[in-house]
Every structure is written in C-alpha cells, then in structure tokens.
Amino acid sequence: MPAPIPVIIHGASGRMGQALLRMLAQFEDLRLAAALVHPGSALLGQRVDPLRQDGPCYATTLADAVAGGVMVDFSVAGAFDAGLALARAQGLALVSGTTGLDARQRSALQQAARDIPVLWSANFSIGIAVLTRVLREAARALPQWDCEIVEAHHARSGTQAPRAVGQIGFAAVRAGDIVGEHEVLLAGAGERIELAHRASDRGIFARGALVAARWLATRPAGCYDFDQVIGEATP
C-alpha cells in the first residue's frame, strides 16, 4: 500500500481548518503533516490530531512548516500570500478555498501554477459541483428559458454561487449560521424546473477539499478546477 500523502493545513484554527482536521481521520491515504496557524493563535502548540498513530502533531506557525505533499489553504486573504509563497518554495501542490482574494493574488496563483499544481474554488461541495454540471447542460438544452439562482450562506461568508452558462439572475443571502443553500429556477413558457441543494454540515466542504488534495497530489504543475476533480476522482 502506498504511503499516505502528507497534508499541510494552512488556517488550521478557523472553521474550515477545524473541519479539515476532523475529516482527515476518514482518509486513510492522507496524513496530517502540519497544522499551520498565525503566531497569536490559541491553538499554537496544541495537539491537533488525537487519532494519529505515528506520533503527535502540534499546531505550528508558517515558519516551522514541513516540506512535501499538499497544502490545503483555508486561511484569510491577509495570510494567503505567505501560504502561497511557502507552497511554491517547497514544491507543494496547493488546494485553496480562501475567499476575498484580489486581482494581484489571483494573478499570483496563475504564476505559481508554472511551478506547482494549484486548484482554487469558492465551493468544495461535491453536490454543488454536480449541480453546476446539470445547470450547464440545462442551459445548452434550454437557451430561451430564464434562469434564476438564490444562494444563502452564513453572515461572514465570502462564498459565491456556482454559475452555469448564459445570462443568469443571481441573488445572495448572508444571514445567521446557514451552512449553504442554493435554489435554481429554470422557467419557460408554461413550465419550470426547480433544483435545490442544501448543506447541513460544514464537513462536506472539508471532504471535497481533501478529495481535491488527494487528486491534485499526482498532477503536474498547472491550474485545475474542482469540476475536473469530480470528473475523475472517487468522492
């Protein structure tokens, strides 16, 4: 059996970072190599992997990160540059779900893809990825129909709804602790199609990100998207 792929979580103290730490135990082919937090984090120095069998792993800072494997980045825009620089310098594949990136940071991702495989997505739900595929097909088959999307997330979310092709009406709701909801209406003359996806557990995004990490680890340098992962990987 091949050795597990080392995974470095950048932003381990955040909501998604914590979800990733919990979800990793379900992936026998992945191994936590480092949990990176900012220097003032309450998690710094704390053990983060109680189920690990080959010795403890403690939350550490970016400067102490180990090399090799895949970095899964769910940090914040202000910490993204340092994480990207580390991944590029150490030759780590990079899966990122950090939102709020500006044009310069997106350009830096493109440049890093010359040296390492990178995959950025605003949403790592496998169900949403499949829904997006369905919408693309529907838009091709029903070019004259109207398409409206309403998506809802928690109040602090920067997540954006998936978009199919063509002109689409779009409304976003940010409220409370909603994990993620998407409702799609395709309307024609005398008939309509309604599709919905509702997430009840943030763990689905962690699972999707780790499926992407496992997939990306064997890819050459370049830019990839989550749709490619769903087309080839086993969730």
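These figures come from a predicted structure and were not determined experimentally. (Residues numbered from 1 in each chain as written. Predicted model: local features only at pLDDT ≥ 70, side-chain atom pairs only at ≥ 80, totals over all residues. Heavy atoms only, no water.)

**Student:** How would you explain the overall build of the protein chain if you had to name every residue and give the values?
**Tutor:** When helices and strands are tallied, the protein chain shows six helices and 11 strands. Counting over 235 residues, the protein chain shows a buried share of 47%. Put simply, of all contacts in the protein chain between residues at least 6 apart along the chain, 60% involve residues at least 24 apart. (Helix = DSSP H or I, 4+ residues; strand = E, 2+ residues; numbered from the N terminus. Buried < 20%, exposed > 50% of the residue type's maximum accessible area, 1.4 Å probe, protein only. Contact = heavy atoms within 4.5 Å.)

**Student:** Provide a residue-level description of the pattern of salt bridges, including the pertinent values.
**Tutor:** Tallied over the full model, the rule gives nine salt bridges. Asp227 is the salt-bridge partner of Arg136, the closest N and O atoms lying 3.8 Å from each other. Residue Arg136 is located in helix α4 (residues 126–141), and its partner Asp227 is located in helix α6 (residues 226–232); the two are separated by 91 residues in the primary sequence. With a closest N to O distance of 3.0 Å, Glu151 and Arg174 form a salt bridge. Here Glu151 is found in strand β7 (residues 146–153), whereas its partner Arg174 is found in strand β8 (residues 169–174), with 23 residues between them in sequence. Among the residues examined, Glu151 registers a relative accessible area of 1% and is labelled buried. Arg174 gets classed as partly exposed once you look at its relative accessible area, which sits at 29%. Connected through salt bridges with shared partners, the residues Arg133, Arg136 and Asp227 form a single ionic network. (Salt bridge = Lys/Arg side-chain N within 4 Å of Asp/Glu carboxyl O.)

**Student:** Requested: an account of the packing of helix α2 (residues 77–90) against helix α3 (residues 103–112), with residues and values cited.
**Tutor:** Between two packed helices, what matters for the description is the angle formed by their axes and the separation of those axes. In contact at an axis separation of 11 Å, α2 and α3 are set at 10 degrees when each is read in the N-to-C sense. As summarised for this structure, α2 and α3 are arranged roughly parallel, according to the angle between their axes. Counting all contacts with α2, which are made through Ala77, Phe80, Asp81, Leu84 and Arg88, the residues of α3 involved are Arg104, Gln105, Ala108, Leu109, Gln111 and Ala112. In terms of residue class, the contact of α2 with α3 is built from six nonpolar, two polar and three charged. (Axes fitted to C-alpha atoms, helices over the stretch in contact; angles between N-to-C directions. Parallel < 35°, antiparallel > 145°, perpendicular 65-115°, else oblique. Nonpolar A, V, L, I, M, F, W, Y, C, P; charged D, E, K, R; others polar.)

Nothing here speaks to function; it is all geometry.
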